[in-house]
Each structure stands twice: as C-alpha cells, then as structure tokens.
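Coordinates in review
Here's the letter readout for the chains.
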Amino acid sequence: MTFFPLLADIVPDAPKQSPAALMMFLLFVAATLMITWWSARKTSGASAYFAAGRRITGWQNGLAVAGDYMSAASFLGIAGMIATSGYDGFMYSVGFLVAYLTVLLVVAEPLRNLGKYTMADVLAYRLRERPVRAMASLSTLLVSIFYMIAQMVGAGVLVKELLPGVGFNTAVIGVGALMIVYVVFGGMLATTWVQIIKAILLMSGSLFLSVLVMKEFGFSFATFFEAITNIKTTKDGVESTVNFLTPGMKFKDPLDQISLGLALVLGTAGLPHILIRFYTVPDAKTARVSVIWAMIIIGLFYIMTTFFGFGAAALLDPAAVAANPNMSAPLLAKALAGDLFFAFISAVAFATILAVVAGLTISASTSFAHDFFTNVIHHGKEHRPGEEVKVARITAFVVGAASIAIAILLGPNINVAFLVGLAFAVAASANLPVILMSVFWKRFTTAGAVWGLGVGLGSSILLILIGPTGMGENAIFPLQNPGIASIPLGLLAAWIGSLVSPHEPGAEAKFSEMKVRAHTGHGAEEAEPH
Amino acid sequence: MSEKDPAPKAAPGINAEVWEKITHRPEFEALLAAKRRFIVPACVFFLVYYFALIVIVGWFPDLAKKQIGLANFAYWFAFSQFFMAWIVAWVYTRAAARFDRLAADILGEHTTPDTDKK
C-alpha cells in the first residue's frame, strides 16, 4: 500500500490507450454531466431531490429499475461465469428475474401507498418512529455500502483492463467522483436518467453482441446448441469435449444453491436502492407498471446471456477466458466486430457501474437524511427549510468519499463477490420480513421490528464470517450463502420480539387506517404539479 | 413500550373508529379477499416452480441431463422460468385492474378527497 495512491498509477511505459474506448467513455461522461446540470436546474425541494417530484412515468421507471439493478456483476460477471462454468452461471440469470415477482406481488404497491422517501417510512407508519427508523437506516446504510464497495473495486479492476494506462486507484477515484457529482447536484432525477441511459446502452450492446454470436452460427439454433454442448477444452494437457449445458461445473452443494436462491428471490424485494425507485412514480398503479417494464427488460437481458455467455465459451480461446473470465464479454466483442465494438462494450460496462453506484449513493444518503437526521435526531421536524436535502447532499459526499477510500485500501485483489451476496442476504433476512409484518400483521410491535432487523442483519454477517468465505477450510457454518439460516432467524426474531413485548395500542389502532391506505392508495404521497 | 406512540398522522376528521368501520364494509372485505385469493396462490406457485429447478438440478442429475431436442431438460426448465415469470406478471396485471376498480369504488363512497395530505 503506497501512501500516495495516485503516484502508483503513473507508469512510465504504460501500453497505448485505445482512443475509441476513451472517446466513448468521455462521450458517456459528458452526456450524463449534461443531464446532471439540467436536473440540478429543475430540482428544488425535498420531493424533487429525493423522489424526482414523483413524476417519472411507468416505462421510464421500469428502465431505471433495470438500470439500477443490473450491475457489472450481472453483465461481465455472469457472462464470465457462463463462459467458464456453463449452465451453473446461467442459474444465476434465472434467479435475478424471478425475484421481481416478489417485488410485483407483495411489496411495490403497499410501499408506494404508505411511504414517502424510504423503506423505513412503511415501518414508521404505525410503529414508534425513532427505534425503527434508526435500525432500518443502519440496515440501509450497511447494505448500500457493502454493495457499493463491491462495485467500486469491480470498477477499478475493469477500467484498468479496458483503458490500459489508467490505474486502479485513478479509476476508483474517477468513478467515485462522478457518482458523487450525479447525486449531490442532480439528486434522484439525474440518477434516474443515468440509469435509463445505461439500461438502453446495456440492452443495445447485449442485443448486438447476441446477434453477432448467432451470425457466427449462421443464425441456426441447432448449430449453436450443437457447438455449446461440444466444447473442446484442454485440461492438464488432456483434450476433452465438454457439454456446457451440464449442471454442476461450478456448484457442488445443492443446499448452498437453495440458500442462494432464497436470498435472491426474497432479497431483491428488500434492497433499499430498488425500493426507493417506487417513490419516483405518481401512484401505486404506475409502480406496478414500472415493475412490469423492468421485468421485460431484465428478462430479455438475462435470456441474452445464453448467447454471449455460452457464445464466449464456444468462440473464444478457453485459455484467454480462464485467464480473466470477467473480460469475456468485451473480448467476445473484439473477436467478432473489432476494436470499435470492444470500445462500445467497454463504455457500456462503465455506464453500468456508474448507474448502480449512483443508485446506491442516493439510497444511503436519503435514508441517513430522512430517517436518521430528520426523524431520529430531530423528531421529524425540519429546523430550517431545505435542511433535509442539504444533509442528504453532504451524506452523499461523505458516503462516496468513504467508499473510494475503502475500495482503495482493499485494493484490486480482494475478493468482493461475497459482499454482493451479503447485501442480498441482509435484504432478505432483515428488511423483507419486517416490511411484510408491518403491513400484514396487526400484532407486530416496535420491539419485533428492531429484533427482526437486528437479528437478520447480525446473523447474515456472522454466518458469512464463520462460513467458507470467512474461515475457508475450517468453516463452522458449511454454506457460502447464509440465507437458508439467516432468513428464518430474522423472521423468528421479528415474531418472538412482537409476542414477548406488550401490545402497542397506538400501533394496533392505526392498523385499520394503514390497511385501507395500503390497499386503496387513499392519501398516498402525490406527484408534484407541473 | 407503548405509552410514547408518536402522534398518528391521521387525517383530520377521520378517527380510528371510522377507519375500522371502513375495513368492515363488505366492499373492502371483498377487495382484500380478492387480493388474497390471487396473491397467495400466485406466490406459492412461482416459489415452487423456481425452487423445483434448483432441486431437480441438485438432486436429480439424470433428469437434469436428459436431452430434449436441442438442449437438456435443465436448460429448458431454466429457460421456461423466464416465461413463467412473465406470464404470472401478465396475469397479475389483469387481476390488479379489477382490484383497482374495487378500490376506486370504495374511495368514491367513503372518503372526501384531499382530506389528509401529510
């Protein structure tokens, strides 16, 4: 670790940069900064800053949800995993879409009807504000920061690969600075449009890549499937033919898969940066429409991983893929359509990371400002007009700067994949159970919410620390993914916590009101007038 | 723990008893029953369908590897999950349009507009 990180980046004999890639990066940066400038001029007031004035339309929010959700881990990571481990990589693709049924059927509409800016609004609707908001805010900050560090380290490694000559630290600082600018100046409106543009870029890049792959096989699915079920690989000097559609190339323990599946399917509906997107639309019906749009886009994207994931396995040199699996989608682009398309796919990957980290930054800063600062510290009153937005802007800056520092301290070689798993596990074990119980269970109490959040959060972190990720061979908990144990623990804690604490007449009295509002949308936060 | 409940953000003029009464109106009970009748089975269905994939892939390798046309059973079953999700979402959208109508009827009858902006 050098004391002056930037100095380490100035390498005298760095390889020549690809001018096309650099140009496309700069084009995307320029476009998003223009949007930020435009948003900053339009944004005034809390509902504009935190929720884009609740005037985002259904299809726009659908694209933005997709852009918020599909991270570089999805695009580069899954392509790489399919290219090296075949079918097992594709299993991830499935879970990421099916998870949206939980969002659609149980969470999106009541959340939109009951809340204002954050997930904690739903809990605070009838429980005691300060304890539940403090815990929910802690959970939101931790989930967002885990996820963000994973993205930042990924971004650093990626930019280093894509733009030779730019070092890891420079890349992390660049990505971090951009996301801070989007969120601090442009708020939710700028974040939304960065996510929309990213989703469009990602979909067009993936579509083009898929078409190019199929062109190699004469647009014949028979030839394509024939090729991917007979891929020649060389292992230890012995040549063999492998069917890449055979399960089990990577995952050995089905129980671990069940555990991962639970975290995906239940965790997505508890990810704070996804949930706050539903406050940007005018009403619950539009929130529903936006989930449908998001599901169409996310589903099409993950189906296309078949083509560019398995395609990379069939068309690229296995040694090159194995050397750096995350680069298999960009390398495939280069092999099929040359440097210009490589540059485009690289810029898409870069846009992908930026849109996700911007979404995470705004969810963390909104929760700190709205839940913790205004409601926990100041008992729900703003001392000066505009104070909440100001605090959010400062928080966005601090959270961004902290993530840059942590990503640089951890360095490019740290394995960050587990941080994403941890974020989903916490969301599934802590956040979702208390959201559901506060909406559907009259007897639920403040103590139940605090217990549920605390135990869900604590057990997810603990089980990862004492599992194979934290302890390797000597793991006490046998699974990589804690969900199968931490989700029941979180649920149980919320349930027992409620039963052992005294009835809360105030909370129970408000249950009827909440039920009417959650299911009819009466009195929900309205969009700003034009 | 309950003495210090925060002042409810209740609407002026509508107290807890009025809300309670609304929840016992047959129209409102019909709305909740209709939602429950759809959402509970839909959730059970999609969870069973999704975890069946992991169970078959993990514990029934022979079935998973069975070749059907161009690909094996495991791939087709995974591929079908996308369409399952889209179909459930589409059916829900249709059902939800009915829930919206029921909710609109309840609101039209029992509340005055704009009583309670937070």
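What counts, and where the lines are drawn
Along each chain, numbering runs from 1 in the same order as the chain's sequence is written. Ligands are numbered from 1 and chains lettered from A, in the order in which they are written. Owing to the predicted nature of the model, reporting of local features is limited to residues with pLDDT of at least 70; listing and counting of side-chain atom pairs is limited to 80 or more, with chain, interface and lining totals taken over all residues. For the purposes of this entry, the term helix denotes a DSSP run of H or I that reaches at least four residues, the term strand denotes a run of E that reaches at least two, and both are numbered from the N terminus. C-alpha atoms define the radius of gyration in this analysis, and the globule rule sets the expected value at 2.2 Å times the number of residues to the power 0.38. Comment: burial labels come from other C-beta atoms within 10 Å of the residue's own C-beta, placed from the backbone, where a count of 20 or more is buried, 12 or fewer is exposed, and between is partly exposed. By the convention adopted here, residues are in contact when the distance between their C-beta atoms, placed from the backbone, does not exceed 7 Å. The nonpolar core is taken to be a set of buried Ala, Val, Leu, Ile, Met, Phe, Trp, Tyr and Cys residues joined by way of C-beta atoms within 7 Å. A helix's residues, less one, multiplied by 1.5 Å, set its expected span. A residue's bend is simply the angle between two axes: one fitted to the seven residues ending at it, one to the seven starting at it. Each residue carries a pLDDT score, the predictor's own confidence in it, on a scale running from 0 to 100. What makes two strands pair is DSSP finding at least two bridges between them. Throughout, an axis means a line fitted to C-alpha atoms (over the contacting stretch in the case of helices), and angles, computed between N-to-C directions, take values from 0 to 180 degrees. Each angle is binned into one of four classes, with values under 35 degrees roughly parallel, values over 145 roughly antiparallel, values of 65 to 115 roughly perpendicular, and all other values oblique. Handedness of a helix crossing follows the sense of rotation of the near helix relative to the far helix, less than a right angle counterclockwise being left-handed and clockwise being right-handed. Amino acid classes used here: Ala, Val, Leu, Ile, Met, Phe, Trp, Tyr, Cys and Pro are nonpolar; Asp, Glu, Lys and Arg are charged; the rest, including Gly, are polar.

Attention now goes to the overall build of chain A. Within chain A one finds 21 helices and two strands. For 530 residues, the compact-globule estimate of 2.2 N^0.38 gives 24 Å, and chain A sits close to it at 23 Å. Buried positions account for 63% of the 530 residues belonging to chain A. Look at the contacts in chain A between residues 6 or more apart in sequence, and 82% of them connect residues 24 or more apart.

Across its full length, chain B carries four helices and two strands. Taken over 118 residues, chain B has a buried fraction of 22%. Sequence separation of 24 or more characterises 69% of the internal contacts of chain B that already satisfy a separation of 6 or more.

Residues and elements named next belong to chain A. Inspection of the secondary structure puts Phe-224 in helix α10 (residues 221–228). Taking the C-alpha atoms as reference points, Phe-224 and Met-214, 10 residues apart in sequence, are found 7.2 Å from one another. Those residues in contact with Phe-224, other than ones at most four positions away along the chain, are Met-214 and Phe-217.

A separate point is the interface of chain B and chain A. By a widely used convention, the size of an interface equals the accessible area lost when the partners come together. At the junction of the two partners, chain B supplies 52 residues and chain A supplies 50 residues. Mapped onto the side of chain B that touches chain A, the elements with two or more residues apiece are α1 (16–24), α2 (26–59), α3 (61–65), β2 (71–72) and α4 (73–110) of chain B.

The subject of this paragraph is the nonpolar core. Residues and elements named next belong to chain A. Core analysis: the largest hydrophobic core is formed by 228 residues, its most contacted members being Tyr-100, Ile-298 and Leu-354. The dominant element in this core, judged by the number of residues it contributes, is helix α15 (residues 328–377), at 28 residues. For Leu-354, the contacting residues outside a window of four places in its chain are Val-175, Leu-178, Met-179 and Val-194.

Here we take up helix α9 (residues 168–216) of chain A. All names here are of chain A. For α9, spanning 49 residues, the distance from its first C-alpha to its last is only 35 Å, which falls clearly below the expected 72 Å at 1.5 Å a residue. Where α9 bends most, the angle comes to about 130 degrees, and this point is Gly-186. Of all 49 residues making up α9, 36 are buried, and the element is well covered by its neighbours. Once α9 ends, the next one or two residues include Gly-218, with phi positive near 60 degrees.

Residues and elements named next belong to chain B. Summarising the model, chain B shows a mean pLDDT of 84, and 80% of its residues fall at 70 or more. Every residue in residues 1–10 is under pLDDT 50, and counting partners more than four places away or in other chains gives 22 contacts. The low-confidence segment residues 113–118, where pLDDT is below 50, has eight contacts with residues more than four positions distant or belonging to other chains. Predicted complex, confidence summary: ipTM 0.91, pTM 0.90.

Further remarks concern unusual backbone geometry. The backbone of Ala52(A) sits at a positive phi, close to 50 degrees, despite the residue not being glycine. Within the secondary structure layout, Ala52(A) lies in the loop between α3 (46–51) and α4 (58–69).

Residues and elements named next belong to chain A. Structurally, Gly-115 is set in the loop between α6 (87–114) and α7 (120–124). Accessibility expressed as a C-beta count within 10 Å gives 23 for Gly-115, which makes it buried. Taking the C-alpha atoms as reference points, Gly-115 and Ala-518, 403 residues apart in sequence, are found 9.6 Å from one another. When residues no more than four places from it in sequence are discounted, the contact partners of Gly-115 are Asp-121, Val-122 and Tyr-279.

Here the focus is the environment of Arg55(A). All names here are of chain A. By secondary structure assignment, the location of Arg-55 is in the loop between α3 and α4. Using a count of 18 C-beta atoms within 10 Å as the deciding quantity, one classes Arg-55 as partly exposed. Along the sequence, Arg-55 and Glu-526 sit 471 residues apart, while their C-alpha atoms lie 9.2 Å from each other.

All names here are of chain A. Little of strand β1 (residues 231–235) sits inside the fold, with zero of its five residues counted as buried. In terms of strand pairing, β1 meets strand β2 (residues 238–242) through five bridges, oriented antiparallel. Paired with Lys-232 across the two strands is Thr-241, which belongs to β2. A loop of two residues connects β1 with β2, the two strands running antiparallel in sequence, and Asp-236 in this loop sits at a positive phi of about 50 degrees.

Below, the discussion takes up the packing of helix α8 (residues 129–162) of chain A against helix α18 (residues 446–465) of chain A. The description of two packed helices rests on the angle between their axes and on the distance between the axes. Residues and elements named next belong to chain A. It is at 9 Å that the axes of α8 and α18 come closest, and there the two elements cross at 20 degrees. Accordingly, the angle class assigned to the pair α8 and α18 is roughly parallel. For α8 against α18, the interelement crossing comes out left-handed. Contact residues: α8 offers Pro-131, Val-132, Met-135, Ala-136, Ser-139 and Leu-142, while α18 offers Thr-446, Ala-449, Val-450, Leu-453, Gly-454 and Leu-457. Along the lines of polarity and charge, the residues of the contact of α8 with α18 split into nine nonpolar, three polar and no charged.

Right, let's get into α4(A). Residues and elements named next belong to chain A. The terminal C-alpha atoms of α4 lie 16 Å apart, and with 12 residues this matches the ideal 16 Å at 1.5 Å per residue to within 8%. Along α4, 10 of the 12 residues are buried, which leaves the element largely enclosed by surrounding structure. Here α4 has its buried residues at Gln-60, Asn-61, Gly-62, Leu-63, Ala-64, Val-65, Ala-66, Gly-67, Asp-68 and Tyr-69. Of the surrounding elements, those touching the buried residues of α4 are α9, α12 (272–275), α13 (284–315) and α15.

Moving on: the packing of α6(A) against helix α11 (residues 254–267) of chain A. All names here are of chain A. Viewed as axis vectors pointing N to C, α6 and α11 meet at an angle of 45 degrees, and their least axial separation amounts to 7 Å. Between α6 and α11, the angle is such that the two are oblique. In this structure, α6 uses Gly-95, Phe-96, Val-98, Ala-99 and Thr-102 to contact α11, whose residues at the interface are Gly-261, Leu-264, Val-265 and Leu-266. When the residues that make up the contact of α6 with α11 are grouped by side-chain class, the tally is six nonpolar, three polar and no charged.

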